[in-house]
Amino acid sequence: MKTVTALLSTLILAAHACFAQETFKTDADHLRISVNGELKTAQWRVDPNTSQAVFKADCKAQENTITYSDGKDSISFPIQVGQKVDFIIVNSKNDTARQQIVGVVPNVNFTDEYVKNHRNKTTVAIPEVSELVNILMALHQDAEKEGNMFDTKSDYYQRLKTHFAPYRNHPILDTVHKYIGDMRYLEQHKLHIFSDDSYGYYYALKMNAVNYNFDKQGTIKNNGIIREAAAGWYTFDPIKDLALMQDFAKKSNFRKFYADNKSYYDSLLTTYNQLNHIDEMQAWLDKKFNMRYGSYMIYFSPLIGGAHSTQRFSDNGLSQTVMYIQKANALPDRSQAQNEIFAGRVVFTEIDHNYVNPTTDRFADAVNEIFSQRETWADGSITSGYSTAYTVFNEYMTWAVYSLYLADHYSQADLDEYLPKMVNQMEKSRGFINFGKFNNELLKTYNENRSASMDSLYKHMLNWARAENKKS
């Protein structure tokens, strides 16, 4: 009888443990996650349709604190390496999104040798495994309809279509189509880009891939520097399908295709380095934002359209900014200055996210309050990647700060020629409908006092934006 009673008590306690799982209630679609006070992602997606979203928390200390926050409320958990914490997020519709935090060894391993080779240096590359995954995604059945993810206008794209045509039925393409949505649905709903979920997979795959190499035996392996560059960008690491990717590479003779196009890749790298003055950009941003990053890694593919991303990593005394962007083009009908300005905008607006975003974090409450009046700042075409007030404001600011850099480095005539095109791109092509007025106000304020602190410019622009809301 005692044994039965003890068993029943154990079952009751276990049942209570199951139902005592902590719950975080929020109206937000995306959350910020911090580990020991350091922001790891500002875009953790709350998705009730995912069976369980897993966040891998770097445990640099013996005891670590993980915090989820929507800007108003937060929930925190202690964790160690090897531990798991399950909890539930409940949204405004009372839908449940199951979460799991896993304590893992640190994601970044900047060895002494790596720090020595990369400190104060910029590296620009088109890595082999990175190009493999960009090709896989560009073989999507709707790639030619999606100009933001993919550049399908080049001779290079036609070459890869011809080479890989016999392998489009490989199982890895089924995986790509599973996670990058069907354009026909988007056409029916009058959208012109894939969904947030599709973009999450796209970014996570291409960002994580740069940390993998082919070894001497032709096996794809992580290089041991960064385990997962896009940690927190998607609900899982797409490299989990590495065996299928490697099988595709072998059967399609991908490595020969890559080698045959090496001279083309090298020509793109040469053009990129000629047009982009990254050292000048870094020095200007360091001074204006009173920050400093010790290393830049810039990765691109001939296949990337306008879908860019960036991440920051710090370890062993080295702070590194990593960017994933499109190639640079030198067009014959543009002056040298205009070619530099057009090419520089791409890399600058990725570099300065690493300065703008941490600054925005200090003004997060005001940003969320003001830019939540979405109809003033973004039209209905903006969805993927910019579904929050925080991300909309950061995109306004990163592009507008480029105007300040141009004012300090190019003639007024060059600005007068370029800025209307940038405004048109932001407002008409991208849907940031009030960018022209925002940019003019920031540039006017900066020209009145070019030594003004970035914090003072932020405060001015947020007050200005609050007043614009009242006019709408």
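Residues numbered from 1 in each chain as written. Predicted model: local features only at pLDDT ≥ 70, side-chain atom pairs only at ≥ 80, totals over all residues. Heavy atoms only, no water.

Looking now at the overall build of the protein chain. Helices and strands together make up the secondary structure of the protein chain, namely 18 helices and 14 strands. What you see for the protein chain is a C-alpha radius of gyration of 24 Å, in line with the 23 Å of a compact globule of 472 residues. Viewed in the frame of its principal axes, the protein chain has a C-alpha envelope of about 90 × 60 × 55 Å. Burial statistics for the protein chain: of 472 residues in total, 54% are counted as buried. Of all intrachain contacts in the protein chain linking residues separated by at least 6 positions in sequence, the fraction that spans at least 24 positions is 72%. (Helix = DSSP H or I, 4+ residues; strand = E, 2+ residues; numbered from the N terminus. Rg over C-alpha atoms; globule rule 2.2 N^0.38 Å. Buried < 20%, exposed > 50% of the residue type's maximum accessible area, 1.4 Å probe, protein only. Contact = heavy atoms within 4.5 Å.)

Looking now at the sheet that holds strand β8 (residues 96-104). One open sheet holds the four strands; their spatial order is β1-β7-β8-β4, and the pairing between them is mixed. For this open sheet the edge positions go to β1 (23-25) and β4 (53-58), each flanked by a neighbour on one side alone. On average, each strand axis in the sheet is inclined to that of its neighbour by 30°, with strand direction left out of account. Both strand β7 (residues 84-90) and β8 contribute to a ladder of seven bridges, which runs antiparallel. Each bridged residue has a counterpart across the sheet, and for Ile 88 the counterpart in β8 is Arg 98. (Pairing = 2+ DSSP bridges. Axes fitted to C-alpha atoms, helices over the stretch in contact; angles between N-to-C directions.)

Any two aromatic rings considered together are summarised by their centre-to-centre distance and by the angle between their planes. In the structure shown here, the tally under the stated rule is 45 aromatic pairs. Consider the rings of Tyr 156 and Tyr 264, whose centres lie 5.3 Å apart with planes at 25°: the pair is stacked. A residue pair is termed long-range when its members are at least 10 positions apart, and Tyr 156 in helix α4 (residues 155-164) and Tyr 264 in helix α10 (residues 262-275) qualify at 108 residues. Among the aromatic side chains, those forming a connected cluster through ring pairs are Phe 363, Phe 371, Trp 377, Tyr 386, Phe 393, Tyr 396, Phe 432, Phe 435, Phe 438, Tyr 458 and Trp 464. Its guanidinium or amino end placed over the ring of Phe 342, Arg 334 lies 3.6 Å from that ring's centre, counting from NZ or CZ. (Phe/Tyr/Trp six-rings, centres within 6.5 Å; stacked < 30°, edge-to-face > 60°. Lys NZ or Arg CZ within 6 Å of the ring centre and 35° of its normal.)

What follows deals with the pattern of salt bridges. One pass over the full model with this rule turns up 22 salt bridges. One salt bridge connects Arg 255 with Glu 128, and the closest N-O pair in it is separated by 2.9 Å. With Arg 255 in helix α9 (residues 254-260) and Glu 128 in helix α3 (residues 128-138), this residue pair connects regions lying 127 residues apart in the sequence. Between Glu 369 and Arg 466 there is a salt bridge; the shortest N-O distance is 3.3 Å. One end of the pair, Glu 369, is in helix α14 (residues 364-371); the other, Arg 466, is in helix α18 (residues 454-471), and 97 residues separate them in sequence. Arg 466 gets classed as partly exposed once you look at its relative accessible area, which sits at 28%. The network of salt bridges with common partners includes Arg 45, Asp 47 and Asp 197. (Salt bridge = Lys/Arg side-chain N within 4 Å of Asp/Glu carboxyl O.)

This part takes up the sheet that holds strand β9 (residues 121-125). Spatially, the four strands line up as an open sheet ordered β9-β12-β14-β13, and their pairing is mixed. The open sheet terminates on both sides in strands that have one partner only, identified here as β9 and β13 (309-315). Averaged over all adjacent pairs, the angle separating strand axes in this sheet is 15°, with direction ignored. Here β13 pairs with strand β14 (residues 318-325) via seven bridges, running antiparallel.

Before going further, it helps to examine the layout of surface pockets. Taken as a whole, the second largest pocket holds about 460 Å³ of empty space. Lining the second largest pocket we find 22 residues, and of these Ala 28, Asp 70, Asn 368, Thr 388 and Ala 389 sit closest to its centre. Mapped onto the lining of the second largest pocket, the elements with two or more residues apiece are β2 (30-35), β3 (38-45), α14 and α15 (389-409). Residues belonging to the lining of the second largest pocket are distributed by class as follows: six nonpolar, nine polar and seven charged. (1 Å grid on protein atoms, 1.4 Å probe; cavity = no way out; pocket = protein on both sides within 12 Å on 5 of 7 lines; lining within 4 Å. Points joined across faces, edges and corners; volume = space filled by probe spheres on them. Nonpolar A, V, L, I, M, F, W, Y, C, P; charged D, E, K, R; others polar.)

Turning our attention to the pairing of β14. Judged by how many residues are buried, β14 sits mostly within the fold: eight of eight residues are covered. A loop of two residues connects β13 with β14, the two strands running antiparallel in sequence, and Asn 316 in this loop sits at a positive phi of about 55°.

Take α18 next. Between its terminal C-alpha atoms α18 stretches 26 Å, which fits the 26 Å expected from 18 residues at 1.5 Å a residue. What α18 keeps buried is the set Met 454, Leu 457, Tyr 458, Met 461, Leu 462, Trp 464, Ala 465, Glu 468 and Asn 469. Here the buried residues of α18 occupy an arc of 165° about the axis, which is enough to place them on one side. Residues of α18 that are buried in the fold lie against α11 (278-289), α13 (353-362), α14, α15 and α17 (435-448). (Expected span 1.5 Å × (residues − 1). Arc of directions from axis to C-beta.)

Turning our attention to the confidence of the model for the protein chain. Overall, the prediction assigns the protein chain a mean pLDDT of 90, with 92% of residues at 70 or greater. Low pLDDT, under 50, characterises residues 1-19; the predicted model gives this stretch zero contacts beyond four residues in sequence or across chains. (pLDDT = per-residue confidence, 0-100.)

In this section: the packing of α3 against α4. Direction vectors running N to C along α3 and α4 enclose 80°, while the axes themselves pass 11 Å from each other. Here α3 lies roughly perpendicular to α4, going by the angle between them. Two secondary-structure elements touch here, α3 through Glu 131, Ile 135 and Ala 138 and α4 through Tyr 156, Tyr 157, Leu 160 and Phe 164. The class makeup of the residues in the contact of α3 with α4 is six nonpolar, no polar and one charged. (Parallel < 35°, antiparallel > 145°, perpendicular 65-115°, else oblique.)

Looking at chain direction, β2 and β3 are connected through five bridges and run antiparallel. Note that in β3 the partner of Ser 34 across the bridge is Leu 39. Hairpin geometry of β2 and β3 is characterised by an intervening segment of two residues between the two adjacent antiparallel strands and by a positive phi of about 55° at Asn 36.

Viewed as axis vectors pointing N to C, helix α12 (residues 336-351) and helix α16 (residues 412-429) meet at an angle of 35°, and their least axial separation amounts to 10 Å. Classified by chirality, the crossing of α16 by α12 is right-handed. Where α12 abuts α16, its residues Ala 337, Gln 338, Ile 341, Phe 342 and Arg 345 lie against Asp 414, Glu 417, Tyr 418, Lys 421, Met 422 and Gln 425. (Left-handed = near helix turned anticlockwise from the far one by under 90°.)

Moving on, we come to the side chain of Thr 321. Relative to the helices and strands, Thr 321 resides in strand β14. With a relative accessible area of 0%, Thr 321 lands in the buried category. Setting aside residues no more than four positions away along its own chain, Thr 321 makes contact with Tyr 293, Ser 295, Tyr 296, Met 297, Thr 310, Gln 311 and Asn 354.

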